[in-house]
Amino acid sequence: MLDIKLIRENPEVLDNALKARGAEPKAQELLALDEKRRQVMTDLQELQQRRNEISSLVGSLKAKGEDASHLFEEMKTIGPKMKDLQEVERQAQEDFTGLLEGLPNIQDADTPEGQDEENNVVVHTYGEPTSFDFEPKAHYDLGEELNQMSTELGAKIAGSRFTWLQGDIARLERALGQYMLNKQTEQNGYTEVNPPLMCNADSMYAVGQLPKFEEDLFKTAEGYYLLPTAEAPLTNYARNEIFSEKDLPIQLTALTPCFRSEAGSAGRDTRGYLRQHQFMKVEMVWFVKPEDSMEIHEKMRRHAEEILEDLKLPYRTVRLCAGDLSANARRCYDLEVWLPAQNKYREISSCSNFGDFQARRMKARYRDEERNTQFIHTLNGSGLAVGRTLIAVMENYQQADGSIKVPEVLIPYMGKDIIKAS
RNA sequence: GGAGACGUGGCCGAGUGGUUUAAGGCGCACGCCUGGAAAGCGUGUUGAGCGCAAGUUCUCGCAGGUUCGAAUCCUGUCGUCUCCGCCA
(Lines give C-alpha, C1' and ligand atoms only; values in the text may rest on other atoms or scores of the structure.)
Protein backbone atom coordinates (compact mmCIF):
# COMPACT_ATOMS: atom_id res chain seq x y z
CA MET A 1 0.00 0.00 0.00
CA LEU A 2 1.28 3.43 -0.95
CA ASP A 3 1.56 6.43 1.35
CA ILE A 4 -1.31 8.77 0.54
CA LYS A 5 0.65 11.71 1.91
CA LEU A 6 3.32 11.26 -0.73
CA ILE A 7 0.70 11.06 -3.43
CA ARG A 8 -0.96 14.27 -2.20
CA GLU A 9 2.37 16.01 -2.51
CA ASN A 10 3.49 14.46 -5.79
CA PRO A 11 0.56 12.99 -7.70
CA GLU A 12 2.56 12.93 -10.92
CA VAL A 13 5.03 10.43 -9.43
CA LEU A 14 2.21 7.92 -9.09
CA ASP A 15 0.89 8.46 -12.59
CA ASN A 16 4.35 8.22 -14.13
CA ALA A 17 4.98 4.97 -12.28
CA LEU A 18 1.63 3.57 -13.42
CA LYS A 19 2.35 4.58 -16.98
CA ALA A 20 5.68 2.75 -16.93
CA ARG A 21 3.87 -0.36 -15.74
CA GLY A 22 1.43 -0.01 -18.59
CA ALA A 23 -1.48 1.17 -16.43
CA GLU A 24 -3.83 4.14 -16.55
CA PRO A 25 -3.27 7.24 -14.37
CA LYS A 26 -5.16 7.16 -11.09
CA ALA A 27 -3.89 10.08 -9.02
CA GLN A 28 -6.75 12.45 -9.74
CA GLU A 29 -9.42 9.91 -8.90
CA LEU A 30 -7.58 8.86 -5.77
CA LEU A 31 -7.15 12.40 -4.50
CA ALA A 32 -10.84 13.14 -5.07
CA LEU A 33 -11.78 10.12 -2.96
CA ASP A 34 -9.26 11.16 -0.34
CA GLU A 35 -10.75 14.65 -0.19
CA LYS A 36 -14.25 13.29 0.24
CA ARG A 37 -13.15 10.83 2.89
CA ARG A 38 -11.47 13.52 4.94
CA GLN A 39 -14.47 15.84 4.70
CA VAL A 40 -16.83 13.12 5.93
CA MET A 41 -14.47 12.24 8.75
CA THR A 42 -14.38 15.84 9.92
CA ASP A 43 -18.18 16.10 9.86
CA LEU A 44 -18.55 12.89 11.79
CA GLN A 45 -16.02 13.93 14.37
CA GLU A 46 -17.90 17.14 15.09
CA LEU A 47 -20.97 15.09 15.93
CA GLN A 48 -18.95 12.71 18.06
CA GLN A 49 -17.44 15.61 19.90
CA ARG A 50 -20.88 17.05 20.67
CA ARG A 51 -22.11 13.66 21.82
CA ASN A 52 -19.16 13.29 24.17
CA GLU A 53 -19.75 16.75 25.63
CA ILE A 54 -23.41 16.12 26.40
CA SER A 55 -22.69 12.64 27.66
CA SER A 56 -20.16 13.91 30.14
CA LEU A 57 -22.56 16.69 31.19
CA VAL A 58 -25.24 14.08 31.86
CA GLY A 59 -22.73 12.21 33.94
CA SER A 60 -21.89 15.15 36.15
CA LEU A 61 -25.55 16.11 36.63
CA LYS A 62 -26.49 12.57 37.57
CA ALA A 63 -23.57 12.41 39.97
CA LYS A 64 -25.05 15.44 41.76
CA GLY A 65 -28.45 13.79 41.69
CA GLU A 66 -29.90 16.38 39.34
CA ASP A 67 -32.22 15.86 36.41
CA ALA A 68 -30.56 15.55 33.00
CA SER A 69 -33.45 14.52 30.84
CA HIS A 70 -33.64 17.91 29.08
CA LEU A 71 -30.30 17.02 27.43
CA PHE A 72 -31.68 13.86 25.88
CA GLU A 73 -33.59 15.93 23.34
CA GLU A 74 -30.47 16.89 21.41
CA MET A 75 -28.83 13.54 21.97
CA LYS A 76 -31.74 11.83 20.32
CA THR A 77 -31.20 13.86 17.17
CA ILE A 78 -27.47 13.21 17.15
CA GLY A 79 -27.83 9.44 17.21
CA PRO A 80 -29.56 9.03 13.84
CA LYS A 81 -27.38 11.70 12.25
CA MET A 82 -24.29 9.85 13.38
CA LYS A 83 -25.58 6.59 12.10
CA ASP A 84 -26.20 8.02 8.65
CA LEU A 85 -22.85 9.73 8.57
CA GLN A 86 -21.08 6.60 9.73
CA GLU A 87 -22.50 4.77 6.76
CA VAL A 88 -21.31 7.55 4.44
CA GLU A 89 -17.91 7.44 6.09
CA ARG A 90 -17.66 3.68 5.79
CA GLN A 91 -18.47 3.91 2.10
CA ALA A 92 -16.00 6.75 1.54
CA GLN A 93 -13.26 4.80 3.31
CA GLU A 94 -14.06 1.69 1.33
CA ASP A 95 -13.97 3.55 -1.99
CA PHE A 96 -10.70 5.18 -1.04
CA THR A 97 -8.83 2.17 0.36
CA GLY A 98 -10.25 -0.03 -2.36
CA LEU A 99 -8.50 2.10 -4.94
CA LEU A 100 -5.37 2.74 -2.88
CA GLU A 101 -4.81 -0.91 -1.99
CA GLY A 102 -5.26 -1.90 -5.60
CA LEU A 103 -2.42 0.32 -6.75
CA PRO A 104 1.00 -1.22 -7.36
CA ASN A 105 4.18 -0.03 -5.71
CA ILE A 106 6.15 2.85 -7.22
CA GLN A 107 9.21 1.29 -8.80
CA ASP A 108 12.70 2.66 -8.28
CA ALA A 109 13.68 5.46 -10.61
CA ASP A 110 16.35 3.39 -12.37
CA THR A 111 13.95 0.56 -13.25
CA PRO A 112 14.37 -0.44 -16.92
CA GLU A 113 11.52 0.59 -19.17
CA GLY A 114 9.50 -2.02 -20.97
CA GLN A 115 6.24 -3.90 -21.02
CA ASP A 116 7.35 -7.51 -20.58
CA GLU A 117 10.26 -9.84 -19.93
CA GLU A 118 11.78 -9.01 -23.30
CA ASN A 119 12.91 -5.74 -21.76
CA ASN A 120 14.50 -7.14 -18.64
CA VAL A 121 18.18 -6.28 -18.39
CA VAL A 122 20.86 -8.88 -17.83
CA VAL A 123 23.08 -7.60 -15.03
CA HIS A 124 25.20 -10.65 -14.30
CA THR A 125 26.13 -13.90 -16.00
CA TYR A 126 27.85 -16.94 -14.52
CA GLY A 127 29.30 -19.76 -16.58
CA GLU A 128 28.54 -20.71 -20.15
CA PRO A 129 25.61 -22.80 -21.33
CA THR A 130 26.67 -26.39 -20.72
CA SER A 131 28.06 -28.07 -23.82
CA PHE A 132 27.54 -31.77 -24.55
CA ASP A 133 29.09 -34.14 -27.03
CA PHE A 134 25.74 -35.88 -27.25
CA GLU A 135 22.13 -34.74 -27.52
CA PRO A 136 21.09 -33.74 -23.98
CA LYS A 137 17.80 -35.10 -22.76
CA ALA A 138 15.02 -33.36 -20.88
CA HIS A 139 14.86 -34.04 -17.15
CA TYR A 140 11.55 -35.89 -17.48
CA ASP A 141 13.04 -38.34 -19.98
CA LEU A 142 16.12 -38.79 -17.83
CA GLY A 143 13.94 -39.35 -14.77
CA GLU A 144 11.63 -41.85 -16.46
CA GLU A 145 14.56 -43.79 -17.87
CA LEU A 146 16.19 -43.91 -14.47
CA ASN A 147 12.84 -45.15 -13.19
CA GLN A 148 12.95 -42.51 -10.46
CA MET A 149 10.53 -39.84 -11.68
CA SER A 150 6.98 -40.58 -12.75
CA THR A 151 4.36 -38.13 -13.92
CA GLU A 152 2.10 -41.10 -14.50
CA LEU A 153 2.16 -42.04 -10.86
CA GLY A 154 1.76 -38.40 -9.88
CA ALA A 155 -1.32 -38.18 -12.06
CA LYS A 156 -2.75 -41.45 -10.78
CA ILE A 157 -2.36 -40.50 -7.16
CA ALA A 158 -3.22 -36.84 -7.36
CA GLY A 159 -3.63 -35.44 -10.87
CA SER A 160 -1.81 -33.52 -13.53
CA ARG A 161 1.03 -31.28 -12.39
CA PHE A 162 1.95 -33.73 -9.64
CA THR A 163 5.01 -35.95 -9.80
CA TRP A 164 6.26 -39.05 -8.03
CA LEU A 165 9.97 -39.09 -7.21
CA GLN A 166 11.73 -42.08 -5.75
CA GLY A 167 15.15 -43.44 -5.02
CA ASP A 168 18.17 -41.26 -5.67
CA ILE A 169 16.23 -38.52 -7.45
CA ALA A 170 13.95 -38.18 -4.45
CA ARG A 171 17.04 -38.06 -2.29
CA LEU A 172 18.71 -35.57 -4.62
CA GLU A 173 15.86 -33.15 -4.17
CA ARG A 174 16.08 -33.57 -0.41
CA ALA A 175 19.84 -33.05 -0.58
CA LEU A 176 19.38 -29.83 -2.52
CA GLY A 177 16.90 -28.52 0.03
CA GLN A 178 19.17 -29.43 2.93
CA TYR A 179 22.18 -27.90 1.26
CA MET A 180 20.41 -24.62 0.60
CA LEU A 181 18.87 -24.37 4.03
CA ASN A 182 22.15 -25.18 5.74
CA LYS A 183 23.96 -22.57 3.70
CA GLN A 184 21.43 -19.83 4.43
CA THR A 185 21.38 -20.57 8.15
CA GLU A 186 25.04 -21.42 8.78
CA GLN A 187 26.76 -18.95 6.49
CA ASN A 188 24.30 -16.19 5.71
CA GLY A 189 22.77 -15.53 9.10
CA TYR A 190 19.15 -16.55 8.57
CA THR A 191 17.05 -18.06 11.34
CA GLU A 192 15.49 -21.34 10.31
CA VAL A 193 11.72 -21.40 10.57
CA ASN A 194 9.29 -24.24 10.30
CA PRO A 195 6.10 -22.28 9.67
CA PRO A 196 2.47 -23.32 9.30
CA LEU A 197 1.93 -24.55 5.75
CA MET A 198 -1.54 -23.06 5.70
CA CYS A 199 -2.44 -19.46 6.36
CA ASN A 200 -5.63 -17.65 7.27
CA ALA A 201 -7.18 -15.03 5.05
CA ASP A 202 -5.77 -12.13 7.09
CA SER A 203 -2.24 -13.31 6.43
CA MET A 204 -2.93 -13.76 2.75
CA TYR A 205 -4.33 -10.24 2.48
CA ALA A 206 -1.30 -8.87 4.31
CA VAL A 207 1.11 -10.15 1.68
CA GLY A 208 -1.18 -9.33 -1.24
CA GLN A 209 -2.05 -12.90 -2.20
CA LEU A 210 -5.65 -11.96 -1.56
CA PRO A 211 -7.84 -10.69 -2.99
CA LYS A 212 -6.03 -10.51 -6.34
CA PHE A 213 -4.71 -14.05 -6.64
CA GLU A 214 -7.39 -16.09 -4.92
CA GLU A 215 -7.81 -18.34 -7.95
CA ASP A 216 -4.13 -19.30 -7.77
CA LEU A 217 -4.45 -20.57 -4.21
CA PHE A 218 -5.62 -23.89 -2.86
CA LYS A 219 -8.22 -23.40 -0.16
CA THR A 220 -9.31 -25.99 2.36
CA ALA A 221 -12.91 -26.66 3.31
CA GLU A 222 -12.19 -24.97 6.64
CA GLY A 223 -11.12 -21.75 4.93
CA TYR A 224 -7.35 -22.09 5.23
CA TYR A 225 -5.10 -21.38 2.29
CA LEU A 226 -2.18 -23.64 1.40
CA LEU A 227 0.85 -21.45 1.11
CA PRO A 228 1.92 -20.62 -2.45
CA THR A 229 5.29 -19.53 -1.05
CA ALA A 230 6.79 -19.39 2.44
CA GLU A 231 6.83 -15.64 1.96
CA ALA A 232 3.26 -15.73 3.21
CA PRO A 233 3.86 -17.15 6.70
CA LEU A 234 7.34 -15.67 7.14
CA THR A 235 6.40 -12.12 6.22
CA ASN A 236 3.40 -12.27 8.51
CA TYR A 237 5.81 -12.60 11.42
CA ALA A 238 5.99 -8.81 11.25
CA ARG A 239 2.28 -8.11 10.84
CA ASN A 240 0.97 -5.66 13.45
CA GLU A 241 4.35 -5.59 15.18
CA ILE A 242 6.41 -2.67 16.38
CA PHE A 243 10.05 -3.73 16.56
CA SER A 244 12.76 -2.04 18.56
CA GLU A 245 15.48 -0.57 16.45
CA LYS A 246 17.93 -3.04 17.97
CA ASP A 247 15.80 -5.99 16.79
CA LEU A 248 16.51 -5.13 13.15
CA PRO A 249 17.46 -6.50 10.79
CA ILE A 250 15.55 -9.77 11.13
CA GLN A 251 16.27 -12.48 8.60
CA LEU A 252 14.19 -15.64 8.32
CA THR A 253 14.38 -18.65 6.05
CA ALA A 254 12.34 -21.79 5.58
CA LEU A 255 12.35 -24.88 3.42
CA THR A 256 8.73 -25.66 2.65
CA PRO A 257 6.48 -27.18 0.08
CA CYS A 258 4.57 -24.57 -1.92
CA PHE A 259 1.16 -25.09 -3.46
CA ARG A 260 -0.16 -23.28 -6.49
CA SER A 261 -3.25 -24.03 -8.51
CA GLU A 262 -1.66 -22.56 -11.66
CA ALA A 263 -5.16 -21.60 -12.73
CA GLY A 264 -3.89 -19.08 -15.24
CA SER A 265 -1.18 -21.29 -16.66
CA ALA A 266 -3.20 -23.92 -18.50
CA GLY A 267 -1.13 -25.29 -21.36
CA ARG A 268 2.14 -23.75 -20.17
CA ASP A 269 5.05 -26.00 -19.21
CA THR A 270 2.77 -29.00 -19.10
CA ARG A 271 5.57 -31.55 -19.38
CA GLY A 272 7.91 -32.36 -16.60
CA TYR A 273 8.70 -30.95 -13.22
CA LEU A 274 8.93 -27.26 -14.09
CA ARG A 275 5.45 -26.09 -13.15
CA GLN A 276 3.85 -28.21 -10.46
CA HIS A 277 0.96 -27.78 -8.07
CA GLN A 278 3.42 -28.65 -5.32
CA PHE A 279 7.13 -27.88 -5.12
CA MET A 280 9.82 -27.33 -2.53
CA LYS A 281 11.39 -23.94 -2.06
CA VAL A 282 13.80 -22.22 0.31
CA GLU A 283 12.57 -18.73 1.02
CA MET A 284 14.54 -15.83 2.48
CA VAL A 285 12.79 -12.93 4.18
CA TRP A 286 14.27 -9.74 5.65
CA PHE A 287 12.82 -7.02 7.87
CA VAL A 288 15.09 -3.99 7.78
CA LYS A 289 15.34 -0.30 8.50
CA PRO A 290 14.44 1.81 5.45
CA GLU A 291 17.95 3.10 4.91
CA ASP A 292 19.33 -0.44 4.73
CA SER A 293 17.04 -2.06 2.22
CA MET A 294 18.95 -1.23 -0.96
CA GLU A 295 22.17 -2.72 0.37
CA ILE A 296 20.43 -5.76 1.84
CA HIS A 297 18.72 -6.39 -1.46
CA GLU A 298 22.06 -6.78 -3.21
CA LYS A 299 23.27 -8.98 -0.38
CA MET A 300 20.26 -11.26 -0.53
CA ARG A 301 20.58 -11.57 -4.29
CA ARG A 302 24.10 -12.87 -3.73
CA HIS A 303 22.75 -15.41 -1.22
CA ALA A 304 20.65 -16.84 -4.01
CA GLU A 305 23.33 -16.60 -6.68
CA GLU A 306 25.93 -18.33 -4.53
CA ILE A 307 23.82 -21.48 -4.35
CA LEU A 308 23.92 -21.78 -8.12
CA GLU A 309 27.64 -21.08 -8.15
CA ASP A 310 28.21 -23.76 -5.49
CA LEU A 311 26.34 -26.16 -7.74
CA LYS A 312 28.32 -24.89 -10.76
CA LEU A 313 25.11 -24.27 -12.68
CA PRO A 314 25.24 -21.64 -15.45
CA TYR A 315 22.85 -18.79 -14.82
CA ARG A 316 22.19 -15.16 -15.41
CA THR A 317 20.63 -12.47 -13.29
CA VAL A 318 18.17 -10.03 -14.80
CA ARG A 319 16.80 -6.79 -13.49
CA LEU A 320 13.06 -6.77 -14.09
CA CYS A 321 11.66 -3.97 -16.21
CA ALA A 322 8.67 -1.92 -15.06
CA GLY A 323 6.13 -4.01 -16.93
CA ASP A 324 7.41 -7.32 -15.56
CA LEU A 325 7.64 -6.17 -11.94
CA SER A 326 5.13 -7.64 -9.50
CA ALA A 327 2.72 -5.21 -7.91
CA ASN A 328 4.36 -5.24 -4.47
CA ALA A 329 7.90 -4.75 -5.69
CA ARG A 330 9.81 -1.56 -6.20
CA ARG A 331 12.89 -3.44 -7.39
CA CYS A 332 13.43 -7.06 -8.37
CA TYR A 333 16.07 -9.41 -9.70
CA ASP A 334 15.26 -12.75 -11.26
CA LEU A 335 17.85 -15.51 -11.40
CA GLU A 336 17.56 -17.69 -14.47
CA VAL A 337 19.31 -21.04 -14.68
CA TRP A 338 20.40 -22.69 -17.90
CA LEU A 339 18.23 -25.63 -18.94
CA PRO A 340 19.96 -27.55 -21.79
CA ALA A 341 16.86 -29.39 -23.00
CA GLN A 342 14.96 -26.15 -23.41
CA ASN A 343 18.08 -24.43 -24.69
CA LYS A 344 17.27 -21.38 -22.61
CA TYR A 345 17.44 -19.75 -19.21
CA ARG A 346 14.48 -20.28 -16.89
CA GLU A 347 13.52 -18.49 -13.71
CA ILE A 348 14.75 -20.19 -10.55
CA SER A 349 14.68 -17.33 -8.06
CA SER A 350 13.14 -13.94 -7.62
CA CYS A 351 14.59 -11.42 -5.16
CA SER A 352 12.45 -8.39 -4.41
CA ASN A 353 12.68 -5.23 -2.38
CA PHE A 354 9.20 -4.05 -1.42
CA GLY A 355 10.28 -0.91 0.40
CA ASP A 356 7.57 0.01 2.90
CA PHE A 357 4.75 -1.04 0.56
CA GLN A 358 4.06 -4.40 2.16
CA ALA A 359 4.84 -3.12 5.66
CA ARG A 360 2.29 -0.33 5.38
CA ARG A 361 -0.44 -2.75 4.40
CA MET A 362 0.35 -5.09 7.26
CA LYS A 363 1.31 -2.43 9.82
CA ALA A 364 4.86 -3.67 10.38
CA ARG A 365 6.79 -0.91 12.12
CA TYR A 366 9.77 -0.15 14.29
CA ARG A 367 10.53 2.54 16.82
CA ASP A 368 13.35 4.80 15.73
CA GLU A 369 15.79 6.79 17.87
CA GLU A 370 13.27 9.60 18.42
CA ARG A 371 10.78 6.97 19.57
CA ASN A 372 8.63 7.53 16.49
CA THR A 373 7.11 4.54 14.78
CA GLN A 374 8.15 4.05 11.19
CA PHE A 375 7.30 1.42 8.65
CA ILE A 376 10.03 -1.14 8.11
CA HIS A 377 11.16 -2.32 4.71
CA THR A 378 10.54 -5.93 3.70
CA LEU A 379 12.43 -8.05 1.20
CA ASN A 380 12.17 -11.60 0.09
CA GLY A 381 13.78 -13.95 -2.32
CA SER A 382 13.99 -17.60 -3.21
CA GLY A 383 17.15 -19.24 -2.19
CA LEU A 384 16.24 -21.26 -4.30
CA ALA A 385 13.27 -23.00 -5.86
CA VAL A 386 14.34 -26.56 -5.07
CA GLY A 387 12.23 -28.36 -7.67
CA ARG A 388 13.62 -26.27 -10.49
CA THR A 389 17.12 -26.68 -9.15
CA LEU A 390 16.61 -30.43 -9.33
CA ILE A 391 15.73 -30.06 -13.01
CA ALA A 392 18.80 -27.92 -13.61
CA VAL A 393 21.09 -30.43 -11.91
CA MET A 394 19.61 -33.37 -13.80
CA GLU A 395 19.88 -31.69 -17.17
CA ASN A 396 23.25 -30.01 -16.72
CA TYR A 397 24.92 -32.97 -15.01
CA GLN A 398 23.60 -35.70 -17.30
CA GLN A 399 26.00 -38.15 -18.92
CA ALA A 400 25.82 -39.80 -22.31
CA ASP A 401 24.54 -43.04 -20.76
CA GLY A 402 21.65 -41.29 -19.02
CA SER A 403 23.25 -41.31 -15.60
CA ILE A 404 23.56 -38.09 -13.61
CA LYS A 405 26.68 -36.91 -11.87
CA VAL A 406 26.17 -35.59 -8.37
CA PRO A 407 27.39 -32.00 -7.89
CA GLU A 408 30.44 -32.02 -5.66
CA VAL A 409 28.86 -30.11 -2.78
CA LEU A 410 26.01 -32.63 -2.63
CA ILE A 411 28.12 -35.79 -2.46
CA PRO A 412 28.17 -35.77 1.35
CA TYR A 413 24.38 -35.54 1.31
CA MET A 414 24.00 -38.30 -1.30
CA GLY A 415 26.65 -40.74 -0.19
CA LYS A 416 27.54 -41.27 -3.83
CA ASP A 417 28.82 -39.35 -6.82
CA ILE A 418 26.61 -40.67 -9.60
CA ILE A 419 22.94 -41.54 -10.02
CA LYS A 420 22.22 -44.54 -12.20
CA ALA A 421 19.12 -46.48 -13.16
CA SER A 422 17.71 -48.42 -10.25
C1' G B 1 -15.80 -33.99 19.52
C1' G B 2 -18.06 -32.81 24.86
C1' A B 3 -17.96 -29.39 29.24
C1' G B 4 -16.23 -24.99 31.32
C1' A B 5 -13.26 -20.46 32.16
C1' C B 6 -11.03 -16.22 30.21
C1' G B 7 -9.53 -12.06 26.44
C1' U B 8 -8.21 -4.36 29.36
C1' G B 9 -1.91 -0.57 27.53
C1' G B 10 5.24 -3.29 26.82
C1' C B 11 3.77 -6.67 31.24
C1' C B 12 0.63 -7.59 35.72
C1' G B 13 -4.00 -5.95 37.14
C1' A B 14 -8.68 -2.80 38.90
C1' G B 15 -13.00 -1.58 36.61
C1' U B 16 -20.67 -4.82 36.16
C1' G B 17 -24.30 1.57 32.44
C1' G B 18 -22.63 8.21 33.20
C1' U B 19 -16.18 13.38 35.18
C1' U B 20 -12.82 6.38 32.80
C1' U B 21 -9.91 11.84 29.94
C1' A B 22 -8.93 3.38 31.82
C1' A B 23 -7.10 3.32 38.89
C1' G B 24 -2.81 0.96 40.96
C1' G B 25 1.70 -1.67 40.29
C1' C B 26 5.96 -3.55 37.42
C1' G B 27 9.11 -2.47 33.51
C1' C B 28 11.26 1.30 30.46
C1' A B 29 13.04 6.55 29.37
C1' C B 30 14.52 11.23 31.21
C1' G B 31 15.55 14.39 35.42
C1' C B 32 16.74 15.36 40.76
C1' C B 33 19.77 13.26 44.53
C1' U B 34 25.16 10.77 44.58
C1' G B 35 32.24 10.87 44.15
C1' G B 36 29.66 6.84 41.29
C1' A B 37 25.65 3.55 41.86
C1' A B 38 21.42 1.40 44.48
C1' A B 39 17.32 3.17 47.10
C1' G B 40 14.22 7.37 47.18
C1' C B 41 11.69 11.51 44.74
C1' G B 42 9.69 13.84 40.20
C1' U B 43 8.12 13.67 35.02
C1' G B 44 6.86 10.80 30.87
C1' U B 45 5.33 6.07 28.69
C1' U B 46 -0.90 1.99 23.68
C1' G B 47 -1.42 2.72 18.83
C1' A B 48 -3.75 5.27 14.82
C1' G B 49 -6.68 9.14 11.87
C1' C B 50 -7.84 14.41 10.70
C1' G B 51 -5.69 19.38 11.36
C1' C B 52 -0.67 24.77 9.77
C1' A B 53 -1.79 24.83 14.78
C1' A B 54 -4.75 24.94 19.01
C1' G B 55 -7.08 20.80 19.15
C1' U B 56 -10.13 16.75 18.12
C1' U B 57 -11.73 11.70 17.03
C1' C B 58 -11.06 6.56 17.23
C1' U B 59 -8.76 2.31 19.83
C1' C B 60 -10.45 -2.43 26.27
C1' G B 61 -9.58 -9.57 20.82
C1' C B 62 -12.91 -8.69 16.31
C1' A B 63 -17.94 -7.65 14.24
C1' G B 64 -22.87 -6.41 15.06
C1' G B 65 -26.88 -4.98 18.54
C1' U B 66 -29.45 -2.56 22.97
C1' U B 67 -29.18 2.61 25.14
C1' C B 68 -29.69 9.60 25.41
C1' G B 69 -24.83 7.28 26.85
C1' A B 70 -21.13 0.77 26.57
C1' A B 71 -14.53 -1.56 28.65
C1' U B 72 -19.23 -2.69 31.43
C1' C B 73 -25.53 -5.45 28.99
C1' C B 74 -26.99 -8.86 24.52
C1' U B 75 -25.70 -11.80 19.94
C1' G B 76 -22.15 -13.74 16.74
C1' U B 77 -17.11 -14.70 15.78
C1' C B 78 -11.84 -15.46 16.57
C1' G B 79 -8.13 -16.70 20.04
C1' U B 80 -6.09 -18.66 24.75
C1' C B 81 -6.39 -21.92 28.92
C1' U B 82 -8.44 -26.20 31.98
C1' C B 83 -10.92 -31.00 32.30
C1' C B 84 -12.90 -35.29 29.53
C1' G B 85 -12.83 -38.20 24.92
C1' C B 86 -10.14 -39.43 20.45
C1' C B 87 -5.44 -39.37 18.06
C1' A B 88 0.37 -39.06 15.05
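Please read these numbers as outputs of a predicted model, since none were measured by experiment.

Each domain of chain A was delimited in the assignment, giving domain 1 (4–102) and domain 2 (117–419). At the junction of the two partners, domain 1 supplies 4 residues and domain 2 supplies 8 residues. Approximately 400 Å² of surface area, both sides summed, lies buried where domain 1 meets domain 2, with 40% of it carried by carbon and sulfur atoms. Its largest share of buried area at the contact with domain 2, domain 1 owes to Ala20, Arg21 and Glu101, together 87% of the area lost on that side. Inspection of the domain 1/domain 2 interface yields 3 residue pairs in polar contact (both at pLDDT 80 or more). A class-by-class count of the residues in the side of domain 1 that touches domain 2 yields 1 nonpolar, 1 polar and 2 charged.

Looking now at the packing of helix α7 (residues 167–186) against helix α10 (residues 293–310). Two elements in contact, α7 and α10, have axes separated by 11 Å at closest approach and are oriented at 135°. As judged from the angle between their axes, α7 and α10 are oblique. Here α7 runs over α10; the crossing is right-handed. Contacts between α7 and α10 involve Tyr179, Met180, Lys183 and Gln184 from the first element and His303, Glu306, Ile307 and Asp310 from the second. Looking at the contact of α7 with α10 residue by residue, the classes come out as 3 nonpolar, 2 polar and 3 charged.

Below, the discussion takes up the protein's contact with RNA strand B. RNA strand B sits among 22 residues. The nearest are Arg38, Met41, Gln45, Arg367 and Thr373. The share of sugar and phosphate among atoms of RNA strand B within 4 Å of the protein is 76%. Within the side chain of Arg8, a nitrogen or oxygen atom sits 3.3 Å from a phosphate oxygen of RNA strand B. Gln45 is positioned such that a nitrogen or oxygen atom in its side chain is 2.5 Å from a base nitrogen of RNA strand B. Sorting the residues of the surface near RNA strand B by element identifies α3 (27–63), α4 (72–102) and β13 (365–367) as the ones contributing at least two each. For the surface near RNA strand B, the leading source of residues is α3, giving 13 residues. Taken together, the residues that form the surface near RNA strand B break down as 5 nonpolar, 8 polar and 9 charged.

This part covers the packing of aromatic side chains. In total, this model carries 8 aromatic pairs according to the counting rule given. Here Trp338 and Tyr345 contribute two aromatic rings whose centre-to-centre distance is 5.0 Å and whose plane-to-plane angle is 70°, an arrangement assigned as edge-to-face. This pair shows no difference in class: Trp338 is buried, exactly as Tyr345 is. One aromatic cluster is present, built from ring pairs that chain together Tyr237, Phe243 and Phe287. The ring of Phe96 carries the charged tip of Arg37 above its face, separated from the ring centre by 4.2 Å.

Attention now moves to the pairing of strand β11 (residues 331–339). Across the 9 residues of β11, 9 count as buried, placing the element largely inside the fold. Of the two faces of β11, the one carrying Arg331, Tyr333, Leu335, Val337 and Leu339 and the one carrying Cys332, Asp334, Glu336 and Trp338 are both buried. Looking at chain direction, β11 and strand β12 (residues 344–353) are connected through 9 bridges and run antiparallel. Pairing of Asp334 across the sheet is with Ser350, part of β12. Taking the residues between adjacent antiparallel strands as the criterion, β11 and β12 are bridged by 4 residues, where Asn343 takes a positive phi near 55°.

One open sheet accounts for 3 strands, arranged β7-β13-β14; its pairing is mixed. Looking at strand neighbours, the two that pair on one side only are β7 (242–244) and β14 (373–375), the edges of this open sheet. Each adjacent strand pair in this sheet contributes to an overall mean axis angle of 35°, direction not counted. Both β7 and β13 contribute to a ladder of 3 bridges, which runs parallel. What sits directly across from Ile242, in β13, is Arg365.

Analysis parameters
Residues numbered from 1 in each chain as written. Chains lettered and ligands numbered in written order. Predicted model: local features only at pLDDT ≥ 70, side-chain atom pairs only at ≥ 80, totals over all residues. Heavy atoms only, no water. Domains from an automatic or database assignment. Contact = heavy atoms within 4.5 Å. Buried area = accessible area lost by both parts, 1.4 Å probe. Polar contact = N/O pair within 3.5 Å; in protein donor to acceptor, adjacent residues only side chain to side chain. Nonpolar A, V, L, I, M, F, W, Y, C, P; charged D, E, K, R; others polar. Axes fitted to C-alpha atoms, helices over the stretch in contact; angles between N-to-C directions. Helix = DSSP H or I, 4+ residues; strand = E, 2+ residues; numbered from the N terminus. Parallel < 35°, antiparallel > 145°, perpendicular 65-115°, else oblique. Left-handed = near helix turned anticlockwise from the far one by under 90°. Near = heavy atom within 4 Å. Phe/Tyr/Trp six-rings, centres within 6.5 Å; stacked < 30°, edge-to-face > 60°. Buried < 20%, exposed > 50% of the residue type's maximum accessible area, 1.4 Å probe, protein only. Lys NZ or Arg CZ within 6 Å of the ring centre and 35° of its normal. Pairing = 2+ DSSP bridges.

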